[in-house]
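Fold and geometry: a report
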Amino acid sequence: MARIPVFTIAILLFFIASFQASSATSKPTGLSMKLIRRDLLFPGNLTTFQRIRRLVQLSVRAQNFDSFLSRNQSEDNVLVRLPIGRVPESYAYVVEFKIGSQFHSCEPCIQCYPQKVPIYDSRTSTSYSKLPCTHELCQGENNRFRCYNNECVYNIQYGATSRRNSPRTKGVASFEAFQFPVDTIHTTVINDMIFGCSNDNPNIDFANGQISGILGLSRGPDGLASQLVKRDIIENRFSYCLVPFHDVLRQPTILRFGDHIPLPVGNLQYTDFILYPGRNHYYVELLDISVGFQKKGFESIPGMFELRQDGLGGSLIDSGTVVSTIDENTIGRNAYKEVMAEFQAYYDKKNFRRKVGQVEEKFELCYYNKAGFRDFVTMTLHFEGGDYFIDGKYMHYFADEEEEGEGYFCVALFKSSKTILGAWQQQNMRIIYDMKGGGFQWITETCANDHFP
């Protein structure tokens, strides 16, 4: 039986496809997909600690890429440098689905990254067609693609143009049938979904060849949720609940859309999304940050965490970023430096022994363990309208002492040019992106209970 291709989840990026397919039936009021943690794809008999370390190291790689968008109309097509330009292999979660009408092993590809599943070939799919140059996404001020030689094309580079061997993908914007598994027997097929049919992918290499592309969940018109909303298939919202990384994940959790999102029990908090022109990411208004019960007082500087004119700054939500980041270039004060100083003061006061030198995971502030200590300090992000409380066990990275000799823990934060709430600080939290007006919503939940029957 043919294997189902898997796709990385990218909250900020649009979908790049090069994989397999099939057919099927039925119109849903919502949609659910298996959400598989990326570390489960690693081969061999790795321990939990080894899997988590590898996942964090992927996140570290992503910090080396800069964050702004520019367009440069070249002779062949449009060059787009993606905001939050992470390397494609750095994503933490994958999903399974298929595209097209046939199974074939050939492909029209100049540079294809290795895949264990047969590579999708648009030439053999009866449900495939190209996006015409007259399409609204290929012309006008808000175009996502560019017409060249009568084809609607794209040329995407991840990270800095000055960086040698930056990952890049080129191809043709296209329509295709997407097949989503409902359960082990049934599927749902949605025709004429817009996707990027990539035929040239230099310097892209997903782990172990088990990933076939990127599924985009941005606010943009080519994002999956936006397309499903336009067809009245779902309401304009999606949700997930991330099982703690240290827990044994016995079953995949669920990426839910529309009416498939369960009604949260308890005090659901929210903050509105901020819409910036030309930006399709999930920006929110961050006012202040507390470490433990110590509020930093950043709200005394208006606009400290706002998106700046150079494209840097801003506060956003992104499960594609594994470990959260704090902007070190905030206006007036260095938010990252001050937050880390609070963590250091807390553990220094408790006489923890600092781990000197850079750890393999590249965290800045680490200490050796103390037997029986559980009072790890918390952090709260004070958004406009609600406080996002992060339990101490999800604010830290724990290195297994059996693996490392003398165990240690680190504050799980990286410095960056943006403030990003990443997957590590979203563990055991029901997260809802509600574009109908509900904004970013959250409530604590035991995420291991959110799985298919």
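Being a predicted model, the structure only gives us computed values, none of them experimental.

**Digging into the overall build of the protein chain**
Looking only at helices and strands, the protein chain has four helices and 31 strands in total. Counted over contacts in the protein chain with a minimum sequence separation of 6, partners at least 24 positions apart contribute 72%. On the protein chain, roughly 19200 Å² of surface is accessible, and the fraction owed to carbon and sulfur atoms is 47%.

**Structural notes on the pattern of salt bridges**
Counted by the stated rule, this structure contains 17 salt bridges. Between D222 and R144 there is a salt bridge, with its nearest N and O atoms 3.2 Å apart. Of the two residues, D222 is situated in the loop between strand 13 (211-216) and helix 2 (224-230) and R144 in the loop between strand 8 (129-130) and strand 9 (146-148); the sequence distance between them amounts to 78 residues. On the basis of relative accessible area, D222 is assigned to the buried category, the value being 4%. Linking R430 and D450 is a salt bridge whose minimum nitrogen-to-oxygen distance equals 3.0 Å. In this pair, R430 is assigned in strand 30 (residues 429-434) and D450 in the segment after strand 31 (439-444), connecting sequence segments 20 residues apart. In this structure, R430 and D450 share a single accessibility class: buried.

**Digging into the environment of M340**
Relative to the helices and strands, M340 is located in helix 3 (residues 335-349). Here the alpha-carbon distance between M340 and V411, two residues 71 residues apart in the chain, equals 8.1 Å. The contacts of M340, once residues within four sequence positions are left out, are E364, L365, V411 and L413.

**Overview of empty space enclosed by the protein**
Summed over the entire model, instances satisfying the criterion amount to four cavities of 30 Å³ or more. The calculated volume of the largest cavity comes to roughly 70 Å³. As for the largest cavity, its lining consists of 14 residues, of which T325, L381, T419, I420 and L421 are closest to the centre. At the level of elements, strand 21 (315-317), strand 22 (325-327), strand 24 (379-383) and strand 29 (419-421) are the ones that each hand at least two residues to the lining of the largest cavity.

**As for the sheet that holds strand 25 (residues 386-390)**
Spatial strand order, 20-19-24-25: four strands in an open sheet with antiparallel pairing. The open sheet is flanked by strand 20 (294-295) and strand 25, the only strands paired with a single partner. Docked against the sheet, helix 3 engages strand 19 (286-291), strand 20 and strand 24, running at close to 20° with respect to strand 19.

**A few points about the sheet that holds strand 23 (residues 366-368)**
Strand order in the open sheet formed by three strands is 23-27-26, and the pairing between neighbours is antiparallel. Sheet topology places strand 23 and strand 26 (396-399) at the edges, where each strand pairs with a single neighbour. Between one strand axis and the next, the sheet turns by 20° as a mean value, whatever way the strands run. When strand 23 meets strand 27 (residues 408-411), the two strands line up antiparallel, connected through three bridges. Its bridge partner lying in strand 27, Y367 is registered against F409.

**Re the nonpolar core**
In terms of nonpolar packing, the biggest core is built from 88 residues, with F238, F257, F343, F363, Y388 and F440 touching the most fellow members. No other element matches helix 3, which puts six residues into this core. There are two domains that each give this core at least three residues, and those are domain 1 (74-234) and domain 2 (264-449).

**What about unusual backbone geometry?**
For N150, which is not glycine, the phi torsion reads 65° and is therefore positive. Mapped onto the secondary structure, N150 falls in the loop between strand 9 and strand 10 (151-157). Positioned with a positive phi, D192 is a non-glycine residue whose angle comes to about 55°. Within the element layout of this structure, D192 appears in strand 12 (residues 187-200).

**A look at a negative patch on the surface**
Among the surface-exposed residues, D272, E285, E306 and E384 lie close enough to one another that they form a single negatively charged patch. Within the secondary structure, E384 is located in the loop between strand 24 and strand 25. Among the residues examined, E384 registers a relative accessible area of 43% and is labelled partly exposed.

**Here we look at the pairing of strand 3 (residues 30-37)**
Among the eight residues that make up strand 3, seven are buried, leaving the element largely enclosed by the rest of the structure. In the sheet, strand 3 pairs with strand 15 (residues 253-258) via six bridges, with the strands oriented antiparallel. Along strand 15, the bridge assignment pairs M33 with L255.

Each value, and the rule that gives it
Residues numbered from 1 in each chain as written. Predicted model: local features only at pLDDT ≥ 70, side-chain atom pairs only at ≥ 80, totals over all residues. Heavy atoms only, no water. Helix = DSSP H or I, 4+ residues; strand = E, 2+ residues; numbered from the N terminus. Contact = heavy atoms within 4.5 Å. Areas by Shrake-Rupley, 256 points an atom, 1.4 Å probe, with all protein chains shown as cover. Salt bridge = Lys/Arg side-chain N within 4 Å of Asp/Glu carboxyl O. Buried < 20%, exposed > 50% of the residue type's maximum accessible area, 1.4 Å probe, protein only. 1 Å grid on protein atoms, 1.4 Å probe; cavity = no way out; pocket = protein on both sides within 12 Å on 5 of 7 lines; lining within 4 Å. Points joined across faces, edges and corners; volume = space filled by probe spheres on them. Pairing = 2+ DSSP bridges. Axes fitted to C-alpha atoms, helices over the stretch in contact; angles between N-to-C directions. Core = buried A, V, L, I, M, F, W, Y, C linked by side-chain atoms within 4.5 Å. Domains from an automatic or database assignment. Patch = residues over 30% accessible without salt bridge, like charges linked within 9 Å, V, L, I, M, F, W, Y side chains within 5 Å. Lys, Arg positive; Asp, Glu negative; His and termini not counted. Charge placed at Lys NZ, Arg CZ, Asp CG, Glu CD.

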